Amino acid sequence: MKKNRVVKPGQLERRENRVGYLFVLPWLIGFVALVAWPMVQSFQFSLNKIKLLPQGMAKLYVGFENYSQIFLTDPDFILGLETYLMETLIAVPVIVAFALIISMLLNQKIVCRGFFRMIFFLPIIIASGPVMQQLADQEAASIPMMNVTMIQQLLDEYLPQVLAMSITSVFNNMITLLWYSGVQILIFLAALQKIDTSLYEAAKMDGGSAWECFWKITLPTIKPMILLNVIYTIITMSNNEQNELIVLIYDTMLSATGGYGYASAMAWLYSIIEAAIVIFFAVLIAGRKDVYERRAKKYRRELKKEKRLEKKIRKRGERHERRYARYKQKQSKKGTTKI
Amino acid sequence: MNDAMHATSKSKAKREQLKYKFKKFIFGSKDTEGAGKLALVYLLLISIGFIYLYPVLYMVSKSFMNLNDLLDTSINWIPSQLYMENYKQAFKSMDFWKTFKDSILIAGIPTLINVVICSIVGYGFARYEFKGKKLMLGLLIFSFILPPQATMMPTYVFYTDIGLINSLKAFVVPALFGQGLKAQIFILIFYNFFRQVPKVLIEAAKIDGAGHFKAFMRIALPSAAPAILVVFLFSIVWYWNEAYLTQLYVVGAFASKTDTYHWSSLIVSLKNFENSYNTARSVPGSGMVDINESIKMAGTMLSILPLLIMYLVLQKQFVESVDRTGITGE
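Numbering of residues starts from 1 in every chain and runs along the sequence as written. Written order determines the labels here, with chains lettered from A and ligands numbered from 1. Only residues with pLDDT of at least 70 get local features here, since the model is predicted, and only at 80 or more are side-chain atom pairs given and counted; chain-wide, interface and lining totals rely on the full set of residues. Where side-chain values are given, they derive from all heavy atoms of the structure, hydrogens and water being excluded.

**A closer look at the packing of helix α4 (residues 75–106) of chain A against helix α13 (residues 223–239) of chain A**
Residues and elements named next belong to chain A. Short version of the rule: Interaxial angle, 0 to 180 degrees, is taken between N-to-C directions of lines fitted to C-alpha atoms, where a helix line uses only the stretch in contact. Secondary structure follows DSSP: runs of H or I at least 4 residues long count as helices, runs of E at least 2 residues long count as strands, and numbering of each begins at the N terminus. Should an angle fall under 35 degrees it is called roughly parallel, over 145 degrees roughly antiparallel, and 65 to 115 degrees roughly perpendicular, with every other angle called oblique. Take the far helix as your reference; a near helix turned counterclockwise from it by less than a right angle gives a left-handed crossing, and one turned clockwise gives a right-handed crossing. Note on definitions: a residue-residue contact is assigned when non-hydrogen atoms from the two residues lie within 4.5 Å. All residues other than Ala, Val, Leu, Ile, Met, Phe, Trp, Tyr, Cys, Pro, Asp, Glu, Lys and Arg, Gly among them, are scored as polar; the first ten of these are nonpolar and the last four charged.
Put simply, α4 and α13 touch, their axes get as near as 10 Å, and they point 140° apart. The orientation of α4 relative to α13 falls into the category oblique. The chirality of how α4 crosses α13 is right-handed. In this structure, α4 contributes Tyr 84, Ala 91, Val 92, Ile 95 and Val 96 to the contact, and α13 contributes Ile 226, Asn 229, Val 230, Thr 233, Ile 234, Met 237 and Ser 238. Within the contact of α4 with α13, the residues separate by chemical class into 9 nonpolar, 3 polar and no charged.

As structure tokens, this is what we get:
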């Protein structure tokens, strides 16, 4: 007794699409086993004090004590966090703006474009933690012609000390920062090449200057790329092994006093702060409206206003009509009674 | 008098014209680039390019200096002679050939797996519209933003439990499950690329009797050559340069505790260069001098030299394929 099945439209396609699960299955297993589950476990770790014994791990549930210990008794983490925050907040805009400038220079019609590109993409290949460390030790990571002490003195006079210190460190590690912008230049360059040149031609016809073209065509078009680059920069800045906090977490994990539990708490706190920075920049950029969006919003608001006015007028008209009809009725009633 | 006035106005007009021409030459008009502007562009490019190359040049020049050149203040850039001893000693302390071979294996094998798995997963995301796809893509991006430290310790414990630590397996197994080093970016690159492959092509293949996997192998994959090149290059570079995870998982935090093969990579040995140099030097009869800047720079140079050579050979394909793949997701 077979049921008389009704074939719905699109069923075959839906069944075929189920094969997609098969293709993404490896990643899905990997995500659950190597990302989601360790995250949960790491949170559990952070609530325990863990001692490594020859028999295995000995856990002792302590609640949020690890977290409070970080804030109350561990000066290293808080100090590291402070410098990390300041440096990231200053370095990210510097790197992204610099990458944008370089990619715009490289996007022009110039001779030896391939050669210049080769130079600017070089850091992608060789900028790794230990190499940067060696160069920084040799003081090859700062620009020799730049008089940093002068800048430092100037900054010390006019700015609060924390801010002055972080700005000076940006100047001191200028080349390090520039070297971290390799991938960003690449992303910007690819985005710039995708912009339709006829847009610029049309703007030129209408008498737009290069400056206007930049603000009204280039910037709005590559806005998503700016966000992407900012996020990428934050991630690379936070996760490289020159970062003091990363080193601290690594050392704590293997040290006798810290252990896995305490290090997990640190890692969680660090992740939350990093996520907060990402969200901060994302809101700052995505929330920022460019010329067109602003104009469109204004237009929409005006349209709404007009509609409201129209409605108001129509309602008033209807009211008047009704009143008039009632009046007429009254009149006619009066007339009939009189007669 | 009239004549004189005429003459002055004429000369004035001439001067105006000259001024205009000069302005046009420097700033350029609407359709031609001005010389001044071009000069500025080149000046900027060359000066920033020099700053970019400065550490590399510094490294090369320092690595050839002997001790006298280092101390001589009159020698800044060009060493008095081509002094190869630094390289020999760095070579010896790093145990270059073995480390080099290890590095290639550590970077190469996970990279190959990465290319295969990421292309399959990326194709799955691009071609099929299944339930929960949006959510999965969201999770993919989330796992990219998540710092590795948050999952590092449980992962370390987990790997130790199933016996992956201190061997190449610690990199191979995650790569097999699409969780290799920055695999999320590669999946997104393939996803973007395969979305551009016309669906009609795959449907035509289906009509000709190709299954799902065959359509992927025969139609989609061959057209993805630029994407494969980009993923391959980036993956190999990032694996090569990863010191932190390599030391933790593959080389082992507690060195040479196991009796099996002891891995090492060039970048990790650069990280521990000073220590390993001093131990190598303490062996009697090694004939190595005290460590100095030049030897360190020679060691740094050695560890990036293979990548530099690869880049110089492949840079044209690299730059071009970046243009074509749309590495920038939409």
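**Regarding the nonpolar core**
To be explicit about the condition: By nonpolar core we mean a set of buried residues, namely Ala, Val, Leu, Ile, Met, Phe, Trp, Tyr and Cys, connected to one another through side-chain atoms within 4.5 Å. Categorising residues by exposure relies on relative accessible area from a 1.4 Å probe, with only protein chains included: less than 20% of the type maximum marks a residue as buried, more than 50% marks it as exposed, and the intermediate range marks it as partly exposed. Note that domain bounds follow an automatic or database assignment of domains.
Formed by 184 residues in total, the largest nonpolar core has its most connected members in Phe 125 and Tyr 249 of chain B. Residues from two domains meet in this core; each of domain 1 (20–85) and domain 2 (95–325) of chain B gives at least three. Once residues within four sequence positions are removed from consideration, Phe 125 of chain B is found in contact with Val 24 and Trp 27 of chain A together with Phe 130, Lys 133, Met 136, Leu 137, Ile 187 and Tyr 191 of chain B.

**Focus on the pattern of salt bridges**
All names here are of chain B. Selection criterion: Salt bridge criterion: a side-chain nitrogen from Lys or Arg within 4 Å of a carboxyl oxygen from Asp or Glu.
Applying the stated criterion across every chain, the model contains 4 salt bridges over all chains. The residue Asp 102 makes a salt bridge to Lys 98 at a minimum N-O spacing of 3.2 Å. In this pair, Asp 102 and Lys 98 both sit in helix α5 (residues 96–127), 4 residues apart, roughly one turn of the helix. When its relative accessible area of 26% is taken as the criterion, Lys 98 is described as partly exposed. For Lys 133, the salt bridge is made with Glu 129, and the minimal N-O distance between the two is 3.3 Å. Look at Lys 133 and you get buried, because its relative accessible area is 10%.

**Some points on the packing of aromatic side chains**
All names here are of chain B. We count it as follows: Stacked, edge-to-face and tilted labels apply to pairs of Phe, Tyr and Trp rings (six-membered ring for Trp) whose centres lie within 6.5 Å, assigned for plane angles under 30 degrees, over 60, and everything in between, in that order. Charge-over-ring placement is defined geometrically: NZ (Lys) or CZ (Arg) within 6 Å of the ring centre, and within 35 degrees of the ring normal.
Following the criterion strictly, the structure yields 39 aromatic pairs over all chains and no others. Aromatic side chains Phe 194 and Phe 216 sit 6.1 Å apart centroid to centroid with 70° between the ring planes, which places their arrangement in the edge-to-face category. Here the residue Phe 194 occupies a position in helix α9 (residues 183–195), and Phe 216 occupies one in helix α11 (residues 212–223), the gap between them amounting to 22 residues. Across the pair, Phe 216 and Phe 194 agree in class, each one buried. The cationic tip of Lys 182 hangs over the ring face of Trp 238; the distance from NZ or CZ to the ring centre is 4.3 Å.

Note that all results are geometric; they support no functional claim without further evidence.
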